[in-house]
Amino acid sequence: EDQVTQSPEALRLQEGESSSLNCSYTVSGLRGLFWYRQDPGKGPEFLFTLYSAGEEKEKERLKATLTKKESFLHITAPKPEDSATYLCAVQGTSGTYKYIFGTGTRLKVLA
Amino acid sequence: EAGVTQFPSHSVIEKGQTVTLRCDPISGHDNLYWYRRVMGKEIKFLLHFVKESKQDESGMPNNRFLAERTGGTYSTLKVQPAELEDSGVYFCASSLGLSTQYFGPGTRLTVL
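Quick caveat: nothing in here was measured; it's all calculated off a predicted structure. (Residues numbered from 1 in each chain as written. Chains lettered and ligands numbered in written order. Predicted model: local features only at pLDDT ≥ 70, side-chain atom pairs only at ≥ 80, totals over all residues. Heavy atoms only, no water.)

(A) Local environment of the sheet that holds strand β6 (residues 56-59) of chain A. Residues and elements named next belong to chain A. Read from one edge to the other, the open sheet built from five strands follows the order β1-β3-β8-β7-β6, with strand pairing classed as antiparallel. The open sheet is flanked by β1 (3-7) and β6, the only strands paired with a single partner. Strand-to-strand twist of the sheet, defined as the mean angle between neighbouring strand axes without regard to direction, takes the value 15°. Note: β6 against strand β7 (residues 62-66), four bridges, orientation antiparallel. Note that in β7 the partner of Glu58 across the bridge is Lys63. (Pairing = 2+ DSSP bridges. Helix = DSSP H or I, 4+ residues; strand = E, 2+ residues; numbered from the N terminus. Axes fitted to C-alpha atoms, helices over the stretch in contact; angles between N-to-C directions.)

Next comes the structure, spelled out in structure tokens:
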């Protein structure tokens, strides 16, 4: 069964303190892995799509990487405005285009 | 460019009543998806439309849920009759191809 596990569940960082969020996945065949940011009361906001192991994508203070079993979202020198829930989702190759989501990592960056 | 919009943003109904949620996808997106998150759980897939056709409805929980997408534009999700366990946030997403999906703000449904 396709599954996504995110860790940690919650993370508190001081402003400027870099860290990484983990997304471990089990899927019969990976079509794509997706990172989203979600603010309270809003919908998931797209950040990155990764398709194959070794791929990396960057946007401002965020960098996403992908291996055959997991993805990392690295946050460099975070600011308070980076506080949000970060969601990981995978899309398999089993004939359906649905996303399988993890439960997310709640990030709080303190000034 | 306007994003995915959903209406209403919040709905509170009594058990046994009917509720209809609406989703307007990004203009030109043929693919439309419905997802749901119940309290404390991950977001889960409900169904996928390609234009007006149901491509995958494997996530629909039971026959109290009816989704339509007439004319291949906006979509509605009707819950009839609503039960307590239907409470949650319902998200709609759309995509141009079959990869990256763009999500709406969600409809929070509370069944009392």
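(B) Spotlight on the pattern of salt bridges. Evaluation of the coordinates by the stated rule reveals seven salt bridges over all chains. The residue Glu55 of chain A makes a salt bridge to Lys57 of chain A at a minimum N-O spacing of 3.6 Å. For Asp86 of chain B, the salt bridge identified is with Arg64 of chain B, shortest N-O distance 2.6 Å. Of this pair, Asp86 of chain B sits in the loop between β8 (75-79) and β9 (88-95) while Arg64 of chain B sits in the loop between β6 (53-56) and β7 (65-68), and the two are 22 residues apart along the sequence. (Salt bridge = Lys/Arg side-chain N within 4 Å of Asp/Glu carboxyl O.)

(C) Summary view of the packing of aromatic side chains. Overall, the coordinates contain 14 aromatic pairs over all chains when judged by the stated rule. The interplanar angle of 55° and the centroid separation of 6.1 Å between the aromatic rings of Tyr36 of chain A and Tyr99 of chain A together place this pair among those described as tilted. Taken together, the residues Tyr36 of chain A in strand β4 (residues 30-38) and Tyr99 of chain A in the loop between β9 (84-92) and β10 (100-101) connect sequence positions 63 residues apart. The burial state of Tyr36 of chain A is the same as that of Tyr99 of chain A; both residues are buried. With a centroid separation of 5.3 Å and 85° between ring planes, the pair formed by Tyr36 of chain A and Phe103 of chain B is classed as edge-to-face. Of this pair, Tyr36 of chain A sits in strand β4 while Phe103 of chain B sits in strand β10 (residues 102-103), on two different chains. (Phe/Tyr/Trp six-rings, centres within 6.5 Å; stacked < 30°, edge-to-face > 60°. Buried < 20%, exposed > 50% of the residue type's maximum accessible area, 1.4 Å probe, protein only.)

(D) Layout of the nonpolar core. Counting residues in hydrophobic clusters, the biggest one holds 23 residues, and the most contacted among them are Leu33, Trp35, Leu73 and Tyr86 of chain A. Mapped by element, the contributors of at least two residues to this core are β2 (10-14), β3 (19-26), β4, β5 (45-50), β7, β8 (70-75), β9 and β11 (105-110) of chain A. In contact with Leu73 of chain A, not counting residues within four places along its chain, are Ser19, Ser20, Leu21, Trp35, Phe48, Leu62, Lys63, Ala64 and Tyr86 of chain A. By size, the runner-up hydrophobic cluster in this structure holds 21 residues, among which are Val4, Ile13, Met60 and Leu77 of chain B. (Core = buried A, V, L, I, M, F, W, Y, C linked by side-chain atoms within 4.5 Å. Contact = heavy atoms within 4.5 Å.)

(E) Molecular detail of unusual backbone geometry. For the bond from Ser7 of chain A to Pro8 of chain A, the omega torsion is -10°, close enough to zero to count as cis. With respect to the helices, strands and loops of the structure, Pro8 of chain A is situated in the loop between β1 and β2. Gln80 of chain B connects to Pro81 of chain B through a cis peptide bond whose omega is -10°. With respect to the secondary-structure elements, Pro81 of chain B resides in the loop between β8 and β9. One non-glycine residue, Ala77 of chain A, lies in positive phi territory at about 45°. Relative to the elements of secondary structure, Ala77 of chain A occurs in the loop between β8 and β9.

(F) Quick peek at the layout of surface pockets. Estimates place the volume of the largest pocket at around 680 Å³. Around the largest pocket sit 27 residues that line it, and Gln38 and Thr85 of chain A together with Arg37, Lys41 and Arg108 of chain B are the ones nearest its centre. For the lining of the largest pocket, the secondary-structure elements that each account for two or more residues are β9 of chain A together with β9 and β11 (107-111) of chain B. For the lining of the largest pocket, the per-class residue count stands at nine nonpolar, 10 polar and eight charged. In this structure, the second largest pocket occupies an estimated 430 Å³ of space. Lining the second largest pocket are 15 residues, and of these Glu1, Asp2 and Ile100 of chain A together with Glu42 and Lys44 of chain B sit closest to its centre. Broken down by secondary-structure element, the contributors of at least two residues to the lining of the second largest pocket are β1 and β10 of chain A together with β5 (44-50) of chain B. Examining the composition of the lining of the second largest pocket, we find that three residues originate from one element, β1 of chain A, more than from any other. Among the residues making up the lining of the second largest pocket, the classes are represented as six nonpolar, four polar and five charged. (1 Å grid on protein atoms, 1.4 Å probe; cavity = no way out; pocket = protein on both sides within 12 Å on 5 of 7 lines; lining within 4 Å. Points joined across faces, edges and corners; volume = space filled by probe spheres on them. Nonpolar A, V, L, I, M, F, W, Y, C, P; charged D, E, K, R; others polar.)

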